[in-house]
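Close look at the chain arrangement
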Amino acid sequence: MLHLILGRAGAGKTTYLHGLLRDFARAGCDGLTLIVPEQDSFAHEHAMLELLGEQNAQRVEVFSFTRLGEEM
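The notes below deal with the structure included here.

Basis of the calculations
Residues numbered from 1 in each chain as written. Predicted model: local features only at pLDDT ≥ 70, side-chain atom pairs only at ≥ 80, totals over all residues. Heavy atoms only, no water. Core = buried A, V, L, I, M, F, W, Y, C linked by side-chain atoms within 4.5 Å. Buried < 20%, exposed > 50% of the residue type's maximum accessible area, 1.4 Å probe, protein only. Helix = DSSP H or I, 4+ residues; strand = E, 2+ residues; numbered from the N terminus. Contact = heavy atoms within 4.5 Å. Expected span 1.5 Å × (residues − 1). Patch = residues over 30% accessible without salt bridge, like charges linked within 9 Å, V, L, I, M, F, W, Y side chains within 5 Å. Areas by Shrake-Rupley, 256 points an atom, 1.4 Å probe, with all protein chains shown as cover. Salt bridge = Lys/Arg side-chain N within 4 Å of Asp/Glu carboxyl O.

1. Regarding the nonpolar core
- If you look at the biggest cluster of nonpolar residues, it comprises 10 residues: Leu-21, Ala-25, Leu-32, Leu-34, Val-36, Met-48, Leu-52, Ala-57, Val-60 and Val-62.
- Residue assignment for this core shows that the elements contributing at least two residues are α1 (13-26), β1 (32-36), α2 (41-57) and β2 (60-64).
- Sequence-distant contacts of Met-48, defined by excluding residues within four places in its chain, comprise His-18, Leu-21, Gly-53, Ala-57, Val-60 and Val-62.

Dropping the structure here:
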């Protein structure tokens, strides 16, 4: 399922998104994908590791647009 989270800067989009992914991962969902701009991929991977822990962080794949294109 595709979720679009829209809002202006500072509206809490990232916090909401990380919470949503946390809930899905803790519920045992696999194959979660987060698509981010190139420069944000490491920061989001690190945030997922801190938020979810080592085991659940593996449920979320963080892709930049370039890496997503290479995977397809």
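2. Re α1
- With 14 residues, α1 extends 20 Å from end C-alpha to end C-alpha; this agrees with the ideal 20 Å at 1.5 Å per step.
- Turning to α1, its buried residues are His-18, Gly-19, Leu-20, Leu-21 and Ala-25.
- Of the residues trailing α1, Gly-28 is marked for its positive phi of about 95°.

3. Examining a nonpolar patch on the surface
- A contiguous nonpolar patch, built from Leu-2, Leu-4 and Leu-6 and spanning about 430 Å² of accessible area, is present on the exposed surface.
- On the secondary structure map, Leu-2 appears in the segment before α1.
- Look at Leu-2 and you get exposed, because its relative accessible area is 72%.

Just distances and angles here, no functional claims.
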